[in-house]
Amino acid sequence: MKKRSLTYFILGAFLLDACVMEDGTHVETDTWYTAENSGRTMFFNFSSFDGQVARGLYYDTDSGFMRSPDRVTVTLGKRRSVIVNDSTRRKIKVPGFRLAEYIEPEFTPADTSLYRIPRYSATVTDDIVYGTAQGYWTSLSGVETDVMKLLSQGIMNSFSKKDLELTMDISCPQGKEGKSPLIVFIHGGAFYVGDKQEPAYMDFKRHFAELGYVTACINYRMGFHIGRDAIERAGYMAAQDAHAAIRWLVHHASEYGIDRDRIFLAGSSAGSITAMNATFMSEKFRPESTRGKAGLFRESADLGRMDRSGNDLKDKFHITAIANMWGAVSDLDMLDESRTDIVSFHGDADQVVPYADGLPFMMAGEKVAGRLSEEMHGSLSITEKADELGRRAVMYPYPGMGHAFNTTGREKTPNSHHYEIRGRIADFFYSELVPVRASLHDDGDGWYSVDGIGISNVSWHADGGFVVECKADRVRILWRADSPLRTLSATGKQTYGTSFLISAEVSDSGHFF
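Residues numbered from 1 in each chain as written. Predicted model: local features only at pLDDT ≥ 70, side-chain atom pairs only at ≥ 80, totals over all residues. Heavy atoms only, no water.

S.K.: Got a minute to help me understand the overall build of the chain in this structure?
M.R.: A tally of helices and strands in the chain yields nine helices and 30 strands. Across the 513 residues in the chain, those meeting the buried criterion constitute 55%. The long-range fraction of contacts in the chain, counting pairs at least 24 apart against all pairs at least 6 apart in sequence, stands at 67%. About 23,200 Å² of surface is accessible on the chain, with carbon and sulfur atoms providing 50% of the total. (Helix = DSSP H or I, 4+ residues; strand = E, 2+ residues; numbered from the N terminus. Buried < 20%, exposed > 50% of the residue type's maximum accessible area, 1.4 Å probe, protein only. Contact = heavy atoms within 4.5 Å. Areas by Shrake-Rupley, 256 points an atom, 1.4 Å probe, with all protein chains shown as cover.)

S.K.: Would you mind going over the pattern of salt bridges with me for this structure?
M.R.: Close approach of charged atoms lets side chains of opposite charge pair. By the definition in use, this model includes 30 salt bridges. The salt bridge involving Arg 119 is made with Asp 111; its shortest N-O contact spans 3.3 Å. Given a relative accessible area of 43%, Asp 111 falls into the partly exposed group. Here Arg 424 and Glu 420 are joined by a salt bridge, their closest N and O atoms 3.6 Å apart. Of this pair, Arg 424 and Glu 420 are both found in helix α9 (residues 416-433), four residues apart, which corresponds to roughly one turn of the helix. Looking at Arg 424, the relative accessible area reads 28%, which means it is partly exposed. Judged by its relative accessible area of 34%, Glu 420 falls in the partly exposed class. What emerges from the salt-bridge pattern is a single network uniting Asp 126, Asp 127, Asp 169, Lys 196 and Lys 205. (Salt bridge = Lys/Arg side-chain N within 4 Å of Asp/Glu carboxyl O.)

S.K.: When you look at the environment of Thr 108 in this model, what are you seeing that I'm missing?
M.R.: Mapping Thr 108 onto the fold places it in the loop between β10 (100-101) and β11 (122-135). Overall, the relative accessible area of 55% leaves Thr 108 in the exposed class. Considered as a pair, Thr 108 and His 461 are 353 residues apart in the sequence and their alpha carbons are 9.4 Å apart.

S.K.: What am I meant to see in the packing of helix α4 (residues 228-251) against helix α6 (residues 270-280) here?
M.R.: What describes two packed helices is the angle between their axes and the distance between those same axes. Across the interface, α4 lies against α6 with an axial gap of 8 Å and an inter-helix angle of 70 degrees. Taken as axis vectors, α4 and α6 run roughly perpendicular relative to one another. The element α4 and its partner α6 pack so that their crossing is right-handed. On α6, the residues touching Ala 238, Ala 239, Ala 242 and His 243 of α4 are Thr 274, Asn 277 and Ala 278. In terms of residue class, the contact of α4 with α6 is built from four nonpolar, three polar and no charged. (Axes fitted to C-alpha atoms, helices over the stretch in contact; angles between N-to-C directions. Parallel < 35°, antiparallel > 145°, perpendicular 65-115°, else oblique. Left-handed = near helix turned anticlockwise from the far one by under 90°. Nonpolar A, V, L, I, M, F, W, Y, C, P; charged D, E, K, R; others polar.)

S.K.: Could you clarify how one ought to interpret the nonpolar core in this entry?
M.R.: One recurring pattern in soluble globular proteins: nonpolar side chains tend to sit buried together. Judged by nonpolar contacts, the single largest core of 69 residues is most densely connected at Tyr 130, Met 168, Ile 170, Ile 218, Tyr 220, Trp 248 and Leu 249. In terms of residue count, the dominant contributor to this core is α4 (14 residues). In contact with Trp 248, not counting residues within four places along its chain, are Ile 128, Val 129, Tyr 130, Met 168, Ile 170, Tyr 256, Asn 311 and Leu 313. Of all hydrophobic cores here, the second largest spans 31 residues; its members include Cys 217, Phe 405, Phe 429 and Val 434. (Core = buried A, V, L, I, M, F, W, Y, C linked by side-chain atoms within 4.5 Å.)

S.K.: Sorry if this is basic, but what is going on with the sheet that holds strand β29 (residues 487-493) here?
M.R.: Pairing is antiparallel across the open sheet formed by three strands, whose spatial order is β26-β29-β30. In the strand order of this sheet, the two ends are held by β26 (456-463) and β30 (499-505), each with one partner. The mean inter-strand angle of the sheet, taken between neighbouring strand axes irrespective of direction, is 15 degrees. Relative to β29, β26 is paired through six bridges, and the arrangement is antiparallel. Within β29, the residue paired with Ser 459 across the bridge is Thr 491. (Pairing = 2+ DSSP bridges.)

S.K.: Please explain the environment of Phe 97 as it appears in this structure.
M.R.: Along the polypeptide, Phe 97 turns up in the loop between β9 (91-93) and β10. Expressed as a C-alpha distance, the spacing of Phe 97 and Asn 37, which sit 60 residues apart in the sequence, is 7.8 Å.

S.K.: Explain α9 to me, please; I cannot follow it from the model alone.
M.R.: Over its 18 residues, α9 runs 26 Å from end to end, which matches the ideal 26 Å to within 8%, given 1.5 Å per residue. Among the residues making up α9, those that are buried are His 418, Ile 421, Arg 422, Ile 425, Ala 426, Phe 428, Phe 429, Tyr 430, Ser 431, Glu 432 and Leu 433. Where α9 starts, the residue carrying a side-chain oxygen 3.0 Å from the main-chain nitrogen of His 417 turns out to be Asn 415. (Expected span 1.5 Å × (residues − 1). Polar contact = N/O pair within 3.5 Å; in protein donor to acceptor, adjacent residues only side chain to side chain.)

S.K.: Teacher, can you tell me more about the sheet that holds strand β21 (residues 393-398) here?
M.R.: Hydrogen bonds along the backbone pair up the strands of a sheet, which may run parallel or antiparallel. Taken in spatial order, the eight strands of this open sheet run β11-β12-β14-β13-β15-β16-β18-β21, and their pairing is mixed. Edge strands, defined here as strands with exactly one partner in the open sheet, are β11 and β21. Strand-to-strand twist of the sheet, defined as the mean angle between neighbouring strand axes without regard to direction, takes the value 15 degrees. Both strand β13 (residues 180-186) and strand β15 (residues 258-268) contribute to a ladder of six bridges, which runs parallel. Directly across from Ile 186, in β15, lies its bridge partner Gly 267. Relative to β13, helix α3 (residues 199-211) is tilted by about 175 degrees, and along the sheet it contacts β11, β12 (162-173), β13, β14 (214-218), β15 and β16 (319-325). Across the sheet, helix α8 (residues 379-388) lies against β16, β18 (341-347) and β21, angled at about 160 degrees from β21, the strand it touches most.

S.K.: Explain the packing of aromatic side chains here, please?
M.R.: Think of a pair of aromatic rings as described by two things: how far the centres are apart, and how the planes are tilted against each other in angle. Applying the stated criterion across every chain yields a total of 29 aromatic pairs. Measuring from ring centre to ring centre gives 6.0 Å for Tyr 115 and Tyr 496, while their planes differ by 35 degrees; the resulting arrangement is tilted. Taken together, the residues span a long stretch of sequence, with Tyr 115 in the loop between β10 and β11 and Tyr 496 in the loop between β29 and β30 at a distance of 381 residues. A relative accessible area of 1% places Tyr 115 in the buried class. Judged by relative accessible area, which is 18%, Tyr 496 ranks as buried. Ring geometry for Phe 185 against Phe 208: centres 5.7 Å apart, planes inclined by 50 degrees, an arrangement best described as tilted. Of this pair, Phe 185 sits in strand β13 while Phe 208 is found in helix α3, placing the two residues 23 residues apart along the sequence. Side by side, Phe 185 and Phe 208 carry an identical accessibility label, which is buried. (Phe/Tyr/Trp six-rings, centres within 6.5 Å; stacked < 30°, edge-to-face > 60°.)

S.K.: What is the right way to read the pairing of strand β4 (residues 40-49) from this model?
M.R.: Summarising burial for β4: eight of the ten residues are buried, a large majority. Of the pairings in the sheet, the one linking strand β3 (residues 32-37) to β4 comprises six bridges and is antiparallel in character. Looking at the pairing, Ala 35 lines up with Met 42 of β4. The antiparallel hairpin formed by β3 and β4 contains two residues in its connecting segment, where Ser 38 sits at a positive phi of about 50 degrees. Pairing of β4 with strand β5 (residues 53-60), which is carried by seven bridges, proceeds in the antiparallel orientation. Opposite Ser 48, over in β5, you have Arg 55 as the bridge partner.

Shown next, in the form of structure tokens:
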């Protein structure tokens, strides 16, 4: 006994921050320990030891999910039993009692930047041929607001058609695992001017590839004789080419890592009109002029079905959502059978494409505008119609702004509006990929869960509490009532390969603030 007492004295004098208990348990100060007793879990934190007795704080799940600490004395004997003396002077005998260090579940906050923050470098392949078709040209520099100038600029080239290669540029996120959603960008230019490598579209293509999308910018057939029917036909041919480009991309999905079920379109002005026509225009809504008419300055050839031009591919697809930048449709009823969501951007002083309902090219005067086009329905009317149909539709009006306000000068340099729109498109498309964000739910009695779609691989962290039990996406917490801050955090996977990281503060009642 004297030898044992001397050993305890030496341990107490020289190992004030640690002790080996009589049963061999190594105990340290400022470390949490746990033990099980008849289905309940006890938590200990010791401040002093003497080799057989440890004293400190004590929490017990038997007291509910919110617990204040008790002072406790734990005595370990040769028979591996313990007596706990708390503030109520209870004595609890626990046969086979063994302390184990409390280890929090592994918690590594997930990277939630996928499709939200640039995280990849982009590989670029230019001028990929996706089809061939007869037309006037597929690229021409110019500014669409200069109506008469752009018409005269190409008029000498629009007397005869020729076989044209239809090309696209593709960017892919380098090193990304799994399939990626696809965005096809379609430049504007009144079906007369423009090119896939304009600065704004080069930026769109690069930025969204860095977010994790496969991106493509396409060139399509442009040019027409001056006249309403010819412009209608030019718009329809552009939609045929866009449709052919999407079919080609879907057909080559495995080669580029494309998810065939997540396809987005984005366009400005004529490019937006093209995107919406390629998505919504069934044979029922096809302009009569595209079926062919004989007559002076009129082309007699029937242009054929939307999905039977450019190439022979017959791959089916569905457009998840469209980013419409100052575009319009000829008939709102085209949206009736749609399952495609739309985010729109439009200046309310636009004189090229109507903000609501009206004639395009009004800056040339109503008389000229009436000869060039029928009335069209702009972004405001499209949003109202889509909302009426129960589609997700968001409209960003730009008061006082005219047409194509996201670029500056004849070089079409992206400006601050461009980057604002780019961010809003990214947010809208992300919401399409993750329609229900992960959220924490209070299940009661100290249990919590994660709500959302496709939730998996959940891990938990409780500041100011102990994780008592985990079951899939549910967790049971014993909260420390004496903790000045109690926060529950969860991280894991959700729909479409994205990750979540969510936190909430917990009140004295155990509920979220």
